[in-house]
Amino acid sequence: LVLMKKGRSRSEEDDCPICSLPLPLDRKQSTFMMCCTTLVCNGCIVAAEKRGMDLCPFCRAPKPKMSQTVSMIEKRVDAGDPLAICYRG
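The rules we used
- Residues numbered from 1 in each chain as written.
- Predicted model: local features only at pLDDT ≥ 70, side-chain atom pairs only at ≥ 80, totals over all residues.
- Heavy atoms only, no water.
- Helix = DSSP H or I, 4+ residues; strand = E, 2+ residues; numbered from the N terminus.
- Buried < 20%, exposed > 50% of the residue type's maximum accessible area, 1.4 Å probe, protein only.
- Contact = heavy atoms within 4.5 Å.
- Core = buried A, V, L, I, M, F, W, Y, C linked by side-chain atoms within 4.5 Å.
- pLDDT = per-residue confidence, 0-100.

Enquirer: I would appreciate a short explanation of the overall build of the protein chain in the present structure.
Expert: Looking only at helices and strands, one finds 4 helices and 2 strands in the protein chain. For the protein chain, the N- to C-terminal ordering of α and β elements is α-β-β-α-α-α. A buried classification covers 28% of the 89 residues belonging to the protein chain. The long-range fraction of contacts in the protein chain, counting pairs at least 24 apart against all pairs at least 6 apart in sequence, stands at 31%.

Quick look at the structure:
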């Protein structure tokens, strides 16, 4: 009850979109999925791999080849996606 009154210390944008837990501050513990330009915690990626899923755990698209990733990121940059802009640098 006390936690509900205090509110969140971090934005909901900092949550993993699959498990809804806060993403770790250490970027090594989360992965940028290029197919959907989403940050996913490594725990959800490991859980998906244990189930034998070789797809993106968020959008379920096949993992893109390196030749496709540049065009995918550029499309998201053109659409104004801030994560894609940050990833591209």
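On we go from here.
Enquirer: What is the right way to read the nonpolar core from this model?
Expert: Membership of the largest hydrophobic core comes to 16 residues, with the highest contact counts inside it found for Cys16, Met33 and Val40. Elements with a minimum of two residues in this core: strand E1 (30-33), strand E2 (38-41), helix H2 (42-50) and helix H3 (66-78). Take this core: its biggest share by element is 3 residues, from E2.

Enquirer: What exactly am I supposed to notice about the environment of Cys16 here?
Expert: Along the chain, the position of Cys16 falls in the loop between helix H1 (2-6) and E1. The spacing of Cys16 and Val40 is 24 residues in sequence and 5.3 Å in space, taken between C-alpha atoms. When near neighbours in sequence (up to four residues on either side) are disregarded, Cys16 contacts Leu21, Leu23, Val40, Cys41 and Cys44.

Enquirer: For this particular structure, what's the right way to read the confidence of the model for the protein chain?
Expert: The predicted coordinates should not be examined in detail at positions where pLDDT is low. Overall, the prediction assigns the protein chain a mean pLDDT of 84, with 88% of residues at 70 or greater. Confidence, read as mean pLDDT per element, is least for H1 in the protein chain (57) and greatest for H2 (95).

Enquirer: When you look at unusual backbone geometry in this model, what are you seeing that I'm missing?
Expert: Negative phi characterises most residues that are not glycine, and trans characterises most peptide bonds. One non-glycine residue, Ser20, adopts positive backbone phi at about 65°. Examined against the element boundaries, Ser20 turns out to sit in the loop between H1 and E1. Notably, Arg60 is not glycine yet its phi reads approximately 65°, a positive angle. Along the polypeptide, Arg60 turns up in the loop between H2 and H3.

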